[in-house]
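# Notes for the structure review
In case you want the letters, here they are:
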Amino acid sequence: MSEQAVPPTPENFSVWFDYAMGASPALRQTIDTLIVNKRKFDSAVNRDLYVTYINPRSDNAVAEEFPEQLRGVISGAKEFLETAISDNRTQIEALGEVSSQFQAVGDPRPIIEKLVKELSNATTRASGLETNFLKTSEELDKIRDSLKLAELHSNTDALTGLANRRSFEAFLRSAQMAAMETGEPLGLLMIDIDHFKNFNDSYGHQVGDQVLRLVARVLQDSVCEGDLAARYGGEELMAVLPGASLEVCADVGERFRRRISEAHLTRRTTGEEISSVTVSVGVAQFRPAEPAEVMIERCDRALYKAKRSGRNRTITESDLEGKIAAA
């Protein structure tokens, strides 16, 4: 932690303790990748590591204050409802008195004046009750919007705007179950930015982050509604394509790869053109009843072959198996 300038907070200590003990291979791989790419362990990165690998529920901490707000809203609503009930009871008693007086008194004018007064009071109370209900409704709408925003943040990678790893894993599990129930295919893309370390070394981390955002945006534009694009860790991105065959996934990966290779980046401050960006893509197909880890590992092997074969290419698991079969 000292070597990487990580502040010794309880959350950060939990992350690096698990890293040192090897409790989570995924955490170890992610941190090693960040170190190799010379990524700065700033507050956003440290928080993302903690939320993803140590305490996935902690991002819901934003929502912990909402029960207190709800208690306040409910208490206020209860108070003005009790007041309204009490006022109505008082009004009923007053009207009962008016009825009795009407039977006992011959002159109706005092009774009419009292009746008009009670009706005016009822109108005033009804207006106040409506105002209170509108105010409470607005407060509940604000709380609902805040909860939606908190849920969005807990499932989104702050840098790229894509789904984070936790959201990816949950989506993939659901997609696997749906694929087994319906018999529909399910495809997976794993993407790695080629020579990403060079961007950080040559241009700095801000440019590296710009490259990540560019690739993430193009990936998001390349998948269809119902698919999921996610940041898996470091410069690795993933895409889950429910209902897509291996061939369709390969086509999506290849179109995405070409779009990235044709993109041109310049530094906003100087106008300097940045060296071209390329990606390597691995593609795998879900096999019924297999664990998610097995499918991801096969996709990772396809990606590894793409990088070993010269990078800037798309390799499917069938290409991988063809090589093994030929051997």
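Figured I'd write up the structure that's included with this text. (Residues numbered from 1 in each chain as written. Predicted model: local features only at pLDDT ≥ 70, side-chain atom pairs only at ≥ 80, totals over all residues. Heavy atoms only, no water.)

On to unusual backbone geometry. Located in the positive-phi region is R311, a residue other than glycine, with phi close to 65 degrees. With respect to the helices, strands and loops of the structure, R311 is situated in the loop between α10 (292–308) and β7 (314–316). Look at R311 and you get partly exposed, because its relative accessible area is 28%. Of note, N312 is a non-glycine position whose phi angle comes to about 55 degrees, a positive value. Residue classification places N312 among the partly exposed positions, given a relative accessible area of 27%. (Helix = DSSP H or I, 4+ residues; strand = E, 2+ residues; numbered from the N terminus. Buried < 20%, exposed > 50% of the residue type's maximum accessible area, 1.4 Å probe, protein only.)

Attention now goes to the sheet that holds strand β6 (residues 279–285). Read from one edge to the other, the open sheet built from five strands follows the order β2-β3-β1-β6-β7, with strand pairing classed as mixed. Two strands close off the open sheet at either side, each with one partner strand: β2 (228–233) and β7. Taken over all neighbouring pairs, the strand axes of this sheet differ in orientation by 20 degrees on average, direction set aside. (Pairing = 2+ DSSP bridges. Axes fitted to C-alpha atoms, helices over the stretch in contact; angles between N-to-C directions.)

This paragraph deals with the packing of aromatic side chains. A complete count under the given rule lists four aromatic pairs for this structure. Pairing W16 with Y19 gives two aromatic rings, centres 5.2 Å apart and planes at 65 degrees, and the pair type is edge-to-face. Highlighted residues: W16 and Y19, both in helix α1 (residues 10–21), separated by three residues, approximately one helical turn. No difference in accessibility class separates W16 from Y19, as the two residues are buried. The rings of W16, Y19 and F41 are connected pair by pair, giving a single aromatic cluster. The ring centre of Y19 lies 4.9 Å from the NZ or CZ of R28, which sits over that ring. (Phe/Tyr/Trp six-rings, centres within 6.5 Å; stacked < 30°, edge-to-face > 60°. Lys NZ or Arg CZ within 6 Å of the ring centre and 35° of its normal.)

Looking now at the side chain of D209. Looking at the element boundaries, D209 is found in helix α8 (residues 205–222). Ignoring sequence-local partners within four residues, the contact set of D209 consists of R39 and L159. (Contact = heavy atoms within 4.5 Å.)

So, about the nonpolar core. Formed by 33 residues in total, the largest nonpolar core has its most connected members in L189, V211, V215, L219 and F256. Of all the elements in the fold, those that place two or more residues in this core are β1 (186–193), α7 (196–203), α8, β3 (236–242), α9 (246–261) and β6. For this core, the element with the highest residue contribution is α8, accounting for eight residues. Dropping the residues within four chain positions of it, V211 is found in contact with I193, F196, F199, L265 and V277. Among the nonpolar cores identified, the runner-up in size contains 20 residues, and L172, A179, L186 and L228 belong to it. (Core = buried A, V, L, I, M, F, W, Y, C linked by side-chain atoms within 4.5 Å.)

Between side chains of opposite charge, pairing is possible as soon as their charged atoms come close. All told, the structure shown has twelve salt bridges when counted by the stated rule. One salt bridge connects E254 with R258, and the closest N-O pair in it is separated by 3.8 Å. Of this pair, E254 and R258 both sit in helix α9, four residues apart, which is roughly one turn of the helix. Residue class for E254 comes out partly exposed when judged on its relative accessible area of 23%. By relative accessible area, which is 37% here, R258 ends up partly exposed. (Salt bridge = Lys/Arg side-chain N within 4 Å of Asp/Glu carboxyl O.)

Let us look at the environment of V45. Residue position: V45 is located in helix α3 (residues 43–54). In this structure V45 comes out as buried when scored by relative accessible area, which is 15%. Remark: the alpha-carbon pair of V45 and G234, spanning 189 residues in sequence, is separated by 9.8 Å. For V45, the contacting residues outside a window of four places in its chain are L34, R39 and K40.

Interaxial distance between α8 and α9 falls to 10 Å at its minimum, and their mutual angle equals 145 degrees. Here α8 and α9 pass one another in a crossing that is right-handed. Packed against α8, whose contacting residues are V215, V218, L219, D221 and S222, the element α9 presents V252, F256, R259 and I260 at the interface. Across the contact of α8 with α9, the residue classes break down as six nonpolar, one polar and two charged. (Left-handed = near helix turned anticlockwise from the far one by under 90°. Nonpolar A, V, L, I, M, F, W, Y, C, P; charged D, E, K, R; others polar.)

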